[in-house]
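Inside the fold
Residue-level listing of the chains:
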Amino acid sequence: MEIPFSPAADRNKEPILEVLKKVLRAEDQRLLEVGAGTGQHAIYLAPFFPKMEWQPTEVSENLPMLKAAIKEANIPNIKTPYRMKVGEDDFPIRTYDVILTVNTFHIMSWKECKTFMKLISGRLQEGGKVLIYGPFNYNGKFTTPSNEEFDKSLRAENPSHGIRAFEDVISAMFKNEFELLKDYEMPANNRMLVFRRLKFVGKR
């Protein structure tokens, strides 16, 4: 199988690494990557955190590609990729220390985004981190003309897709007992929103 290459993943892997270095704790043992795509992030990032188990996930249609990439890379702390479609599948194990998702919120419906935020509230260790990477709107406005054009193309392909409002994400995360730690500026008009779990309430 020919393994696809994502130029965007290649461009943002180093900035994502810098954020991970700042927010991860020495005691963090399990990371769940939701929507691991081509596997480039896992393959690049996991070796920097060799004591942490890295669990990639993907939807069914992308899973063979992801599994092939992870198998070829043969990195000890990356687990075999797991099928997970938000709203249909459960998480692989009960709790995590870190949950990372890159460029997924704008290709999920808002209902799926809210489901994701509710699910992680019962799967993340208290004090654990959630990192959400992608473009966001602020105060009802696009941050750049290119983001506005990107949003139009997303909605033309699927009306339920589109760039999410920062305020809506913050509100939904707050309802699920998370606090925003940091909003990092990232490449290509993207952001990295870093949240911390305030109280572990168990599986919902």
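First, a word on what this report is: a plain description of the structure on this page. (Residues numbered from 1 in each chain as written. Predicted model: local features only at pLDDT ≥ 70, side-chain atom pairs only at ≥ 80, totals over all residues. Heavy atoms only, no water.)

1. Here we look at the nonpolar core
Let me state the cut-off plainly: Put simply, buried Ala, Val, Leu, Ile, Met, Phe, Trp, Tyr and Cys residues joined by side-chain atoms within 4.5 Å make one nonpolar core. Relative accessible area decides the class of each residue, using a 1.4 Å probe on protein chains only: under 20% of the type maximum gives buried, over 50% gives exposed, and in between gives partly exposed. Strands here mean DSSP runs of E at least two residues long; helices mean DSSP runs of H or I at least four residues long; both are numbered from the N terminus. Contact criterion: two residues are considered in contact whenever any of their non-hydrogen atoms come within 4.5 Å of each other.
Ile16, Val19, Leu20, Trp54, Leu131 and Met192 are the most contacted members of the largest nonpolar core, which totals 28 residues. Elements represented by at least two residues in this core include exactly α1 (7-23), α2 (40-45), α3 (63-73), β4 (96-102), β5 (124-134), β8 (178-186) and β9 (190-197). No other element matches α1, which puts five residues into this core. If we ignore the near neighbours within four places in the chain, the residues touching Leu20 are Leu45, Phe49, Trp54 and Leu131. In terms of nonpolar packing, the next biggest core, distinct from the first, is built from 26 residues, Met84, Leu124, Phe166 and Val169 among them.

2. Let's talk about the sheet that holds strand β2 (residues 53-58)
Basically, it comes down to this: Pairing between strands requires that DSSP locate at least two bridges from one strand to the other.
Within the open sheet, the seven strands sit side by side as β3-β2-β1-β4-β5-β9-β8. Their pairing is mixed. What marks the edges here is a single partner per strand, and that holds for β3 (82-83) and β8. Where β2 lies against β3, two bridges are found, and the strand directions are parallel. Bridge assignment links Glu58 to a residue of β3, and that residue is Arg83.

3. Topic: helix α5 (residues 145-157)
For clarity, the threshold we go by: Any helix carries an expected span of 1.5 Å times its number of residues minus one. Of all possible arcs, the one meant is that of the directions from the helix axis to the C-beta atoms.
A rise of 1.5 Å per residue sets the reference length of α5, with its 13 residues, at 18 Å; its end C-alpha atoms lie 19 Å apart and thus fit the reference within 8%. All of the buried residues along α5 are Asn147, Asp151 and Leu154. All buried residues of α5 lie within an arc of 65° about the axis, which places them on one face of the element. Turned more than 90 degrees away from the buried face of α5, the exposed residues are Pro145, Ala156 and Glu157.

4. Description of the packing of helix α4 (residues 110-121) against helix α6 (residues 166-175)
We count it as follows: The axes are straight lines fitted to the C-alpha atoms, using for helices just the contacting stretch, and the angles between their N-to-C directions are given from 0 to 180°. The crossing is said to be left-handed when, going from far helix to near helix, the turn is anticlockwise and less than a right angle, and right-handed when the turn is clockwise. Gly is put with the polar residues, along with every residue not named as nonpolar or charged; the nonpolar set is Ala, Val, Leu, Ile, Met, Phe, Trp, Tyr, Cys and Pro, and the charged set is Asp, Glu, Lys and Arg.
Running from N to C, α4 and α6 point in directions that differ by 35°, and their axes come no closer than 9 Å. Of the two elements, α4 crosses α6, and the hand of that crossing is right-handed. Note on element contacts: α6 touches α4 through Asp168, Val169, Ala172 and Met173, opposite Trp110, Met117 and Ile120. Its residues assigned to classes, the contact of α4 with α6 comprises six nonpolar, no polar and one charged.

5. Some remarks on the side chain of Thr101
As a reminder of what qualifies: Any N or O atom pair separated by 3.5 Å or less is treated as a polar contact, with the protein-specific requirement of one donor-capable and one acceptor-capable atom, and with residues adjacent in sequence counted only for side-chain atom pairs.
By secondary structure assignment, the location of Thr101 is in strand β4. Side-chain polar atoms of Thr101 contact the side chain of Thr104, separated by 2.6 Å. Here Thr101 is in contact with Val34, Phe116, Leu131, Ile132 and Tyr133, once residues within four sequence places are set aside.

6. Here's the deal with α3
Among all positions in α3, only Leu63, Met65, Leu66, Ala69 and Ile70 are buried. Seen end-on, α3 carries its buried residues on one side only, within an arc spanning 160°. Exposed and facing more than 90 degrees away from the buried side of α3 are Lys71 and Glu72. Where the residues of α3 are buried, they touch α2, β2 and β3. Just downstream of α3 lies Asn74, where phi reads positive at about 55°.

7. Things to note about the pattern of salt bridges
Stated precisely, the cut-off is as follows: The term salt bridge refers to a pairing of a side-chain nitrogen on Lys or Arg with a carboxyl oxygen on Asp or Glu at a separation within 4 Å.
This model, assessed by the stated rule, comprises 11 salt bridges. A salt bridge links Asp10 to Lys13, with the shortest nitrogen-to-oxygen separation between them at 3.0 Å. Taken as a pair, Asp10 and Lys13 lie in helix α1 at a separation of three residues, close to a single helical turn. With a shortest N-O distance of 2.3 Å, Glu179 and Arg196 are connected by a salt bridge. In this pair, Glu179 sits in strand β8 while Arg196 sits in strand β9, placing the two residues 17 residues apart along the sequence.

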